[in-house]
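# Observations on the model geometry
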Amino acid sequence: MRFPPGFRFGMATSAYQIEGAFDVGGKAPSIWDTFTALPGTVRHGEDGRVAIDHYHRYAEDVEHIAAAGVRDYRFSISWTRALADPGFYDRLVDALLAAGVRPVPTLYHWDLPQDLEDQGGWLNRDTAYRLADYAGVVVRRLGDRVRDWITMNEMNVQTLYGYALTDHAPARGLGLEALPVAHHQLLAHGLAVQALRAGDAGAVGIANQHFPVYPASDDPADAFAAELFRGLTNWTFSDPILLGDYPDEMIRAGVGTSGAQLDRDLELIAAPLDFYGVNFYEPTAIEAPRAGKDYSGVLEVDIPEGLPFSPVPVKSDERTDFGWAIVPGALTEILVALRDRYPGLPPVIVTENGASFHDAAPDPSGRVRDPRRIAYLDAHLRAVEAAIDSGVRVDGFYVWSAFDNFEWAAGYDERFGLVHVDRETLARTRKDSWYWYRDLIAAHHTSGG
Ligand code: FCB
């Protein structure tokens, strides 16, 4: 593999998934604290109250990150912690910089303050302005040391799983009525870009999840359903940023804002970015619902009846232990599709990619063998290389994740880390994939990268 000089290899995490210390320093609850406390929301009833205790173990964690030779570390800032106990992020950023790692914080990775949810959450336009206020506070505090910022993480997943369905916090189950959530998060992004620029941020981007959507068959009804689903889950969250408008009339009519206010919002949302983050895991297949067919249990999420599309499993020989299809070519495909759709696409960073395998505990010699994760990452990096060869500008790749962590509604069974974390002792052990990634980065630098 060969990557352009200066290519940014990194690792990624998010606050609720690793920090723990859920109420330390006066930190107020987020919607994930509330959601995980409800019965039946998370596999095995697990939660992020302790998580991997990164809050207390950040110094050791920074060593695991830095020793791999990565240039960038993407983490997220907990909104409620940053307001109550911002000193934690000072310490983390200082430790990263001292170790020669560039901090790339995400402002919002799904952990909305519960008191804002109580006022309507992302259905309330005011939440966007509150996020911008918080962005201002954080950039004033860290802006002297942090250059690169990511505004929002996967607004599509928050909208779909948190507000349209009930799989994630805040579990509203609104179906298509959730569309205003998309618009208010996009507005929050636009306002945050403004606040970060006013605070002299060096580079600003976003992390959007993208994936190819395949019709399940040649049937035109499936093609139509796939097109609709693609618009709702992909282009709704990128067209406003990169083209200044929603993908179609139906969606524009559904976002709950119209007329001159919508025009002004879209102008703000389309402010230029320095990089565009793409999170990629797997493609999706869609069919038009077949009368009488039972879709319950087909995928791990339950899709309500009456929607004009049904996700069905993607044909693929290989799956991760989470059941996600392994289709590396789909990463090349989506990167090329983004370039073709958006003439003004800024340089791309793959801000998340990785795989869950249920790795065994360290063997007596302290080794964690995870050959399938290495194969997954190797194949996906080659897919990025192929996209670069086709002329897409990709400036970096961040592995999800640095550490095994709390995988939302799936809890701790799903291990995405390059570093293994023991659930009882919380001891960290570098997996074979960690050493593989270190060697790949070192080879890149030795060969002049
Ligand atoms: C993404 C999330 C991230 C992580 C990975 C596996 O959708 O952004 O927090 O859970 O999936």
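Conventions adopted
Residues numbered from 1 in each chain as written. Predicted model: local features only at pLDDT ≥ 70, side-chain atom pairs only at ≥ 80, totals over all residues. Heavy atoms only, no water. UniProt positions renumbered as here; feature names shortened; annotations may be inferred. Near = heavy atom within 4 Å. Polar contact = N/O pair within 3.5 Å; in protein donor to acceptor, adjacent residues only side chain to side chain. Nonpolar A, V, L, I, M, F, W, Y, C, P; charged D, E, K, R; others polar. Pairing = 2+ DSSP bridges. Helix = DSSP H or I, 4+ residues; strand = E, 2+ residues; numbered from the N terminus. Axes fitted to C-alpha atoms, helices over the stretch in contact; angles between N-to-C directions. Contact = heavy atoms within 4.5 Å. Phe/Tyr/Trp six-rings, centres within 6.5 Å; stacked < 30°, edge-to-face > 60°. Buried < 20%, exposed > 50% of the residue type's maximum accessible area, 1.4 Å probe, protein only. Lys NZ or Arg CZ within 6 Å of the ring centre and 35° of its normal. Core = buried A, V, L, I, M, F, W, Y, C linked by side-chain atoms within 4.5 Å.

Per an unreviewed UniProt entry, the chain goes by Beta-glucosidase and derives from Actinoplanes regularis. Looking at the chain in UniProt, the text filed under Sequence similarities (unreviewed entry) is "Belongs to the glycosyl hydrolase 1 family." Database annotation for the chain, UniProt heading Catalytic activity (unreviewed entry): "Hydrolysis of terminal, non-reducing beta-D-glucosyl residues with release of beta-D-glucose."

### Considerations on the site of the ligand
Neighbouring residues of the ligand: Gln17, His109, Trp110, Asn153, Glu154, Tyr281, Glu352, Trp400, Glu407, Trp408 and Phe416. Trp408 is positioned with one of its side-chain polar atoms (N or O) 2.9 Å from an oxygen atom of the ligand. Looking at side-chain class alone, the shell around the ligand contains 5 nonpolar, 3 polar and 3 charged residues.

### Thoughts on the sheet that holds strand 7 (residues 276-279)
Around the barrel, which closes on itself, the 8 strands sit in the order 1-2-3-4-5-7-10-11 with parallel pairing between neighbours. Pairs of neighbouring strands in the sheet enclose a mean axial angle of 25°, with direction left out of account. Examined bridge by bridge, strand 2 (residues 72-76) and strand 3 (residues 102-108) share 5 bridges and lie parallel to one another. Within strand 3, the position partnered with Asp72 by the bridge is Arg102. Taken strand by strand, helix 10 (residues 220-242) contacts strand 5 (203-209) and strand 7, and its axis lies near 160° from that of strand 5.

### Remarks on the UniProt feature "binding site: substrate" (unreviewed entry) in the chain
The residues that UniProt annotates with the feature "binding site: substrate" (unreviewed entry) are Gln17, His109, Asn153, Tyr281, Trp400, Glu407 and Trp408. In this structure, Asn153 sits in strand 4 (residues 148-153). Ignoring sequence-local partners within four residues, the contact set of Asn153 consists of Arg74, Thr106, Tyr108, His109, Trp110, Ala207, Asn279 and Glu352. Looking at Asn153, its side chain comes within polar contact range of the side chain of His109, at 3.0 Å. Tracing the chain through its elements places Tyr281 in the loop between strand 7 and strand 8 (284-287). If we ignore the near neighbours within four places in the chain, the residues touching Tyr281 are Glu154, Trp324, Ala325, Glu352, Asn353, Gly354, Tyr376, Trp400 and Phe416. Among the polar contacts listed, one links the side chain of Tyr281 to the side chain of Glu352, at a separation of 2.7 Å.

### Remarks on the sheet that holds strand 9 (residues 310-312)
The sheet built from 3 strands is open, its strands ordered 6-8-9 with mixed pairing. The open sheet has two edge strands, strand 6 (213-215) and strand 9, and neither has a second partner. Recorded for the sheet is a direction-independent mean angle of 45° between the axes of neighbouring strands. Where strand 8 and strand 9 come together, 3 bridges link them in antiparallel fashion. From the neighbouring strand, Ile286 faces strand 9, where its bridge partner is Pro311.

### Concerning the packing of aromatic side chains
A complete count under the given rule lists 27 aromatic pairs for this structure. Consider the rings of Tyr16 and Phe406, whose centres lie 5.6 Å apart with planes at 80°: the pair is edge-to-face. Residue Tyr16 is found in helix 1 (residues 15-18), and its partner Phe406 is found in the loop between strand 11 (394-400) and strand 12 (419-421); the two are separated by 390 residues along the sequence. A relative accessible area of 7% means that Tyr16 is categorised as buried. Here Phe406 falls in the buried class, since its relative accessible area comes to 0%. Ring pairing ties together the aromatic residues Tyr16, Trp32, Phe35, Trp110, Phe406, Trp408 and Tyr412, which thus form one cluster. Lying over the aromatic face of Tyr412, Arg423 brings its terminal NZ or CZ to 3.5 Å of the ring centre.

### Focus: the nonpolar core
Most often, soluble globular proteins have nonpolar side chains that are buried together. Counting residues in hydrophobic clusters, the biggest one holds 136 residues, and the most contacted among them are Trp149 and Tyr437. With 11 residues, helix 9 (residues 179-198) is the single largest residue contributor to this core. Counting 14 residues, the second largest nonpolar core, distinct from the first, contains Ala12, Ala203, Tyr281 and Ala410.

### Quick word on the UniProt feature "active site" (unreviewed entry) in the chain
If you check UniProt for "active site" (unreviewed entry), the listed places come out as Glu154 and Glu352 in our numbering. A maximum C-alpha distance of 10.4 Å among these annotated residues, which run over 199 residues, shows that they cluster at one spot. Among the structural elements, Glu154 can be located in the loop between strand 4 and helix 8 (155-164). With relative accessibility at 4%, the residue Glu154 sits in the buried group. If we ignore the near neighbours within four places in the chain, the residues touching Glu154 are Trp110, Ala207, Gln209, Asn279, Tyr281 and Glu352. Within the fold, Glu352 resides in strand 10 (residues 348-353). Setting aside residues no more than four positions away along its own chain, Glu352 makes contact with Arg74, His109, Asn153, Glu154, Val278, Asn279, Phe280, Tyr281, Tyr398 and Trp400. In terms of polar contacts, Glu352 uses its side chain to reach the side chain of Arg74, at 3.0 Å.

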